[in-house]
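In case you want the letters, here they are:
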Amino acid sequence: MAWAPDAALPERHPSGGPAEPPSPFGGAAASAAQARLAEHGDQPPLAVLRRWETTPRGLDEDEAQQRLLLLDGDGRLGRRTGTGLLRRAAGAPFVVVLITLSLISGLAGDARGAALISVLAVVSGTLRYRQERRSDRAAAGLRAMVTTTATVLRRADRHAEPLAREVPTDQVAPGDLVLLGPGDVVPADLRLLTSSDLMINQAPLTGESLPAGKHAAWTEVPDHHDENDLFDHPRLCFMGTTVVSGTGTAVAMATGAATCFGALDRDLPAGPPETRFDRGVRTVSWALVAAMLAALPVVLAVSGTLHGDWSRALLLAIAVAVAVTPEMLPLVVTTLLVRGAKGLARREVIVKQLAAMHNLGAMDTLCVDKTGTLTEERVSLACHLDPLGRTDDEVLRWARANAHWSVELSGALVGDAIDEALLADAPDDPDTGRGAGALPFDSTRRRASVLLDVAEPRPRRSRRGVLVTKGAVEDVINLCSHVRAGGREDPLDAGERARLLGLADRWAADGVRLLAVATAQTRVTGRPLTPADERDLTLVGFVGFRDRLDPAAATAVRALRDQGIRLVMITGDHPLVARRICRDAGLTASRVVLGRDVTVLDDAELAGLAASGAVFARVGPPQKARIVRALQHAGHSVGYLGDGVNDALALRAADVGITVAGAADIARDAADVIVVRKDLAVLEQAIMAGRRTFANTVKYLKIALTSNVGNVVSMLAASAMLPLLPMLPIQVLVQNVCFDLSQLALVHDRVDDSEIARPRTFDRRDLARFVVCIGPVGALFDLAAFGLFWWVLDAGGGHQWEQMFHTGWFTENLVAQGVAMLLLRSRGRGAPRAAWPVWAAAAVLALAGLLLPYSPLAGVLDLSPMPLTALPLLAAVMTGFVLASIAARTLYQKLYGHWL
């Protein structure tokens, strides 16, 4: 039977659905793949080789290439491509507003206005595209730093001898024999054929910080019901994990998209979900579009009916539509986001999506995976105890001797995570004797032994030695006949054995994993050690280990909590370990919810548990994503911080997904923000930068909408009373552009501490309250200016008089907007002073209003110089406007308890 690719890919129904129920690790695409892996993992090695039509000598090159061709386009792991230019540029909802205005202006015959608005749309979209493209390139650079090769055993042809050769990971074919060694990244889902002391770091998939022992020995696998069983299978290794120590030979059963890793990649949504920023800007954008579209027919009907001049009514309707919309909104918002993203780039934080700047500041709940975020992905020595549970340095001395000589005699450059922790602060040369033999750790025995020569060198066949064994508590105790404590050595009976196991359980409940240490007096004969030598041991004590907490974790957790962010731990690790990490980091851990419980709870219950301080442990990727979505449905803005393959779905589901530079490829692809340096303090700075960016965005929105709404009200009132247009559409557009360009200075403005003390997002009701309270002030003084200009300019009709009237209101509006920019940017007394660019922009805006009527552009804008007699009246109107604005600001703060 010829090999076919569907043997490596998950089976699916004709409808396209999964053939089996979804897996707790992945979604529908992962379940069948995992079931097939478990089936082959339980078969004898020769049966597996026959099933994959390969031999212990590996595939030949032709066969490997044929299998790769059969998989091409189906079984390869795809890389998501970036969003195209047009989709990126037009993806900002605010650009829709500009496009709509441009079309309306063009249809109405205002070619100059349509061209100007189109230029604004292009500039805004281009700016957004460039920043996100730059972030994509930075993320791609990080990805390129990752090694993507594997060593396989292949033959040049069917009759040639097999040779080990290095190939790119995507060139590993199903049925290939893969050679594993320390530091290798597992390139496919593998079934072990041979192994020697093989330890695999599965943290990217499971969240477990300690490496998992793997072996090829053919034994029955116990039927557990824990959701992570597949990854505990001793004969299976999974794509994306890494070899910590030992060696192995394995057959590739699934590659690319058919692996557990690839199935999870396929389960990822094609695009990011809608976030708080997306919903906020969509709401504001469509509110502006709706207001604009509603204003057009109303103004047209009212003005046409009152004055009977429908061409004039159409021009007025377009002017009102232009006035109600801040045309520079996309450009200002994008500039604010870009500046924030560039500032974070200097702090080694890559913002892939500009919307993430807002979402960082809006985040009120941060879900964190334990491994690699709160911890350092390695364990530390927690205790060294005698059998009575008292600290004993002698136990540590024997344990370090075991670790030192296990590494030294094996020829390895480094030991496993346990040995590294033991030797971290140990003397270079232990005083327990020289190593004379070693029996390395393996996952079947679950222990390691060394033979120490404690006698002076003598020309005799055998000398006095000590066997030191370190390993799993239950396994080592079963080899012990005595126990040494308090200077006494007593027989180890059943009662004492039960007490010792209970002691280990109590420490485990506190998140500390104990290993037993035992010794035996023996002779150094020169023959190799065997498991038969591990007998009649004397238990001397225990050494305990725990995940090493990031030194900055507790401080960062406290700082995030002070900023109004709730932290929720979601991990695939053991519940006791998760609870202990929470305690050490200062996180609330009211109870532990297991992954199997998540599946039976509804969203409201999940969100309630998270809000009460529950810790979620032993959870798979879909469950992590579901917890995130449950919090979102409860009204929270959710961030997720993780770096493993099992975090990808949650990173994509969150409002803002955050990962680190050393994360798995799939995690970096799914995230919105990449922290180059693993430092939680940097994350805190990123959140504050997001809040400052949003605070200045809200300043712009409130000032711009207040000014524009005031203009609309005054234009409608004046058009009902006056026999002329209060202002031409091109004048309104230029006035708005001048005002909005000046608002770009808010990018540099200082922010009041009260504005960034808590998470914030777009609030339609707050925007409406602000406009209703402050907007009428501008409209009132616009109308006062109308009356004064009507009186001073001695209305006599004619085009020149209309020009002067338009000029007067054009000038008054720009000066008033410059004043409003300074008055409305803060709460007033006690707030930080405006940054100098803001002062300069306000001054330039006011000068533009005064000087444009005297410039060469006056003819283009249909303006004419104002008489000097109008200037004192303008000053009087501005004085009244300042006093009234301050009074309205004070009233607003009293009514609503805040300003911006």
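## Quick look at the sheet that holds strand 23 (residues 656–660)
Sheet architecture is open: six strands sit in the order 9-24-23-22-10-19, paired in mixed fashion. With partners counted over all chains shown, the strands left at the sheet margins are strand 9 (349–351) and strand 19 (566–569), one partner each. Across the sheet, the axes of successive neighbouring strands diverge by a mean angle of 20°, strand direction being ignored. One ladder, built from three bridges, connects strand 22 (residues 638–641) with strand 23; its direction is parallel. Counterpart to Tyr-640 in the pairing with strand 23 is Gly-657.

## Some details on unusual backbone geometry
Here the phi dihedral of Glu-53 falls at roughly 50°; this positive angle occurs in a residue that is not glycine. Position of Glu-53 among the secondary structure elements: in the loop between helix 2 (45–51) and strand 1 (59–60). A positive phi angle, near 55°, is found at Arg-618, a position not held by glycine. Within the secondary structure, Arg-618 sits in the loop between strand 21 (615–617) and helix 23 (621–633).

## A few points about a nonpolar patch on the surface
A cluster of nonpolar side chains, contributed by Leu-847, Leu-850, Leu-851, Tyr-854, Leu-868 and Leu-871, occupies part of the molecular surface with about 600 Å² of accessible area. No other element matches helix 30 (residues 836–851), which puts three residues into the nonpolar patch. Mapped onto the elements of the fold, Tyr-854 is located in the loop between helix 30 and helix 31 (858–861).

## Some details on the confidence of the model for the protein
In this model, the protein carries an average pLDDT of 79, and 82% of its residues clear a pLDDT of 70 or more. The low-confidence segment residues 6–24 (pLDDT under 50) makes 46 contacts with residues lying over four places distant or belonging to another chain. Residue range residues 77–82 is modelled with pLDDT below 50. Its contacts to residues more than four positions away, or to other chains, number 17 contacts.

## Focus: the pairing of strand 15 (residues 480–485)
The pairing of strand 15 with strand 18 (residues 537–549) spans three bridges and is classified as parallel. The residue bridging Cys-480 from the neighbouring strand is Leu-537, located in strand 18. Sheet topology places strand 15 next to strand 16 (residues 488–491); four bridges connect them, and they run antiparallel. Looking at strand 16, one finds that Arg-484 is bridged to Glu-489. Connecting strand 15 to the next strand, strand 16, in antiparallel fashion are two residues, including Gly-486 with a positive phi near 60°.

## Let's talk about helix 13 (residues 355–362)
Counted residue by residue, helix 13 has eight buried out of eight residues, so it is predominantly covered. Listed in full, the buried residues belonging to helix 13 are Ala-355, Ala-356, Met-357, His-358, Asn-359, Leu-360, Gly-361 and Ala-362.

## Points about a positive patch on the surface
On the surface, Arg-339, Lys-342, Arg-346, Arg-347 and Arg-692 cluster together into a positively charged patch. The leading source of residues in the positive patch is helix 12 (residues 329–346), at three residues. Mapped onto the fold, Arg-347 is located in the loop between helix 12 and strand 9. Judged by relative accessible area, which is 33%, Arg-347 ranks as partly exposed.

## Digging into the environment of Thr-432
On the secondary structure map, Thr-432 appears in the loop between helix 16 (417–423) and strand 12 (434–442). For Thr-432, a relative accessible area of 5% puts it in the buried group. Note: C-alpha distance between Thr-432 and Asp-453 (21 residues apart in sequence) is 8.4 Å. Dropping the residues within four chain positions of it, Thr-432 is found in contact with Arg-397, Trp-398, Ala-401, Leu-452 and Val-454.

Parameters at a glance
- Residues numbered from 1 in each chain as written.
- Predicted model: local features only at pLDDT ≥ 70, side-chain atom pairs only at ≥ 80, totals over all residues.
- Heavy atoms only, no water.
- Pairing = 2+ DSSP bridges.
- Helix = DSSP H or I, 4+ residues; strand = E, 2+ residues; numbered from the N terminus.
- Axes fitted to C-alpha atoms, helices over the stretch in contact; angles between N-to-C directions.
- Patch = residues over 30% accessible without salt bridge, like charges linked within 9 Å, V, L, I, M, F, W, Y side chains within 5 Å.
- Areas by Shrake-Rupley, 256 points an atom, 1.4 Å probe, with all protein chains shown as cover.
- Salt bridge = Lys/Arg side-chain N within 4 Å of Asp/Glu carboxyl O.
- pLDDT = per-residue confidence, 0-100.
- Contact = heavy atoms within 4.5 Å.
- Buried < 20%, exposed > 50% of the residue type's maximum accessible area, 1.4 Å probe, protein only.
- Lys, Arg positive; Asp, Glu negative; His and termini not counted.
- Charge placed at Lys NZ, Arg CZ, Asp CG, Glu CD.

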